[in-house]
Amino acid sequence: MVKFSVVTITYNAAAVLQRTLDSVARQTYADVEHLIIDGASTDSTLSMVQQYKAQSDSSDNGHKVIVRSEPDEGIYDAMNKGLTQASGDYILYMNAGDCFPAADTLEQVARRCHLNELPTGELPAVLYGNTDIVDAEGRFLHPRRLQPPVKLTWRSFRHGMLVCHQAFYARTDVAKNLQYDTQYKYSADVDWCIRVMREADRLSLPLYNIGIVVANYLEEGTTTRHHRDSLRERYRIMVHHYGHVSTFLMHCWFAVRGLFA
């Protein structure tokens, strides 16, 4: 049975956190570890989390909630803490305000994962799916503009981050050796996903498209609030992985495409 480590990063997130907690708690799939990595919140976040943990501990849904609260050096430092502590077969990040689209989302992911085991019994290095965008009340707005390709490779992200971070399930044993690069403040998730996929390619492990919506993503996030800085970082990341010429030409195409969008 595949085990999922769901990592939620919080800092003074009380306004949007409850629906994330409820979303994980509603998952009908039993083998779930929910790691909540908090940056020493000063609002009611921690009291909400402790109540959630107590309710989970007293239930029989098979979920395990682990809470860690301490100052950190930013969101990607917190993500690294979750990655280090995760014990599931797959790790995924479901941050405050984000949620699963249905109670059986993880059940569907696990079912499709088992159907795509390698002949050796090994699991795919990455499971990925679609994402819907929701507002601050959790209401559906629209599908994410960039859609994942049927066949994903580490080179696919030359065309942008085609898979949302919340819809990217990385095999934990592969990902643990690839910490988030904290030199990036807004786009380390892009770099991390590319490095995970490159490692999968090196190990000859497949990336599998689940073919369903696996995440509802809150529209207003850190990257959205710092859009220009995020774009600069993404350009640097793409140059690092794909080279100057390829990155420059691709961004020229982005600009032309934008004129006719």
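Our structure's up above, just so we're on the same page.
Our subject in this report is the structure included herewith. What you see is a predicted model; the values in this text were computed from it and never measured.

Right, let's get into the overall build of the chain. A count of helices and strands for the chain gives nine helices and eight strands. Against the 2.2 N^0.38 benchmark of 18 Å for 261 residues, the chain shows a C-alpha radius of gyration of 18 Å, consistent with a compact globule. The dimensions of the chain, computed from C-alpha atoms along their principal axes, are 55 × 45 × 35 Å. Only carbon and sulfur atoms are counted for the fraction: they give 53% of the accessible area of the chain, which is about 12200 Å².

One pass over the structure, following the stated rule, counts zero disulfides. Cys113 takes part in no disulfide bond, and the closest cysteine sulfur to it belongs to Cys193, at a distance of 17 Å. Free cysteine Cys193: the closest other cysteine sulfur is in Cys164, separated by 8.9 Å. When its relative accessible area of 0% is taken as the criterion, Cys193 is described as buried.

So, on to helix 1 (residues 14–25). The end-to-end C-alpha distance of helix 1 is 17 Å, a good match for the 16 Å that twelve residues give at a rise of 1.5 Å each. Looking only at helix 1, the buried set comprises Ala14, Leu17, Arg19, Thr20, Leu21, Ser23 and Val24. Looking at the packing, one finds that the buried side of helix 1 touches strand 1 (4–10), strand 2 (32–38), helix 2 (45–57) and strand 8 (207–218).

Next up on the list: the packing of helix 6 (residues 188–202) against helix 8 (residues 227–242). Close contact between helix 6 and helix 8 brings their axes to 9 Å; oriented N to C, the two are set at 20°. In terms of axis orientation, helix 6 runs roughly parallel to helix 8. Seen along the crossing, helix 6 lies across helix 8 with a hand that is right-handed. Residues Ala188, Val190, Asp191, Ile194, Arg195 and Arg198 of helix 6 form the contact with helix 8, whose participating residues are Glu233, Arg234, Ile237, His241 and Tyr242. Classifying every residue of the contact of helix 6 with helix 8 gives five nonpolar, one polar and five charged.

Before going further, it helps to examine helix 2. A rise of 1.5 Å per residue sets the reference length of helix 2, with its 13 residues, at 18 Å; its end C-alpha atoms lie 18 Å apart and thus fit the reference within 8%. Listed in full, the buried residues belonging to helix 2 are Thr45, Met48, Val49, Tyr52 and Ser56. When helix 2 is viewed along its axis, its buried side chains cluster within an angular range of 95° and face the same direction. Turned more than 90 degrees away from the buried face of helix 2 sit Gln51 and Asp57, all of them exposed. Those residues of helix 2 hidden inside the fold are in contact with strand 1, helix 1, strand 2 and strand 3 (64–69).

Among the seven residues in strand 1, seven count as buried, and that is most of the element. In this structure, strand 1 lies alongside strand 2, joined through seven bridges in parallel fashion. Note on strand 2: the bridge partner recorded for Thr10 is Asp38. Taken together, strand 1, helix 1 and strand 2 constitute a β-α-β crossover, and its handedness is right-handed. One ladder, built from four bridges, connects strand 1 with strand 4 (residues 90–93); its direction is parallel. Within the sheet, the bridge partner assigned to Ser5 lies in strand 4 and is Ile91.

When its volume is computed, the second largest pocket comes out at roughly 150 Å³. Lys151, Leu152, Thr153, Trp154, Arg155, Met197, Ala200, Asp201, Leu205, Pro206 and Leu207 together form the lining of the second largest pocket. No other element matches helix 6, which puts three residues into the lining of the second largest pocket. Across the lining of the second largest pocket, the residue classes tally to seven nonpolar, one polar and three charged.

Rules and cut-offs
Residues numbered from 1 in each chain as written. Predicted model: local features only at pLDDT ≥ 70, side-chain atom pairs only at ≥ 80, totals over all residues. Heavy atoms only, no water. Helix = DSSP H or I, 4+ residues; strand = E, 2+ residues; numbered from the N terminus. Rg over C-alpha atoms; globule rule 2.2 N^0.38 Å. Areas by Shrake-Rupley, 256 points an atom, 1.4 Å probe, with all protein chains shown as cover. Disulfide = S-S within 2.5 Å. Buried < 20%, exposed > 50% of the residue type's maximum accessible area, 1.4 Å probe, protein only. Expected span 1.5 Å × (residues − 1). Contact = heavy atoms within 4.5 Å. Axes fitted to C-alpha atoms, helices over the stretch in contact; angles between N-to-C directions. Parallel < 35°, antiparallel > 145°, perpendicular 65-115°, else oblique. Left-handed = near helix turned anticlockwise from the far one by under 90°. Nonpolar A, V, L, I, M, F, W, Y, C, P; charged D, E, K, R; others polar. Arc of directions from axis to C-beta. Pairing = 2+ DSSP bridges. Right-handed = clockwise from strand over helix to strand, strands pointing away. 1 Å grid on protein atoms, 1.4 Å probe; cavity = no way out; pocket = protein on both sides within 12 Å on 5 of 7 lines; lining within 4 Å. Points joined across faces, edges and corners; volume = space filled by probe spheres on them.

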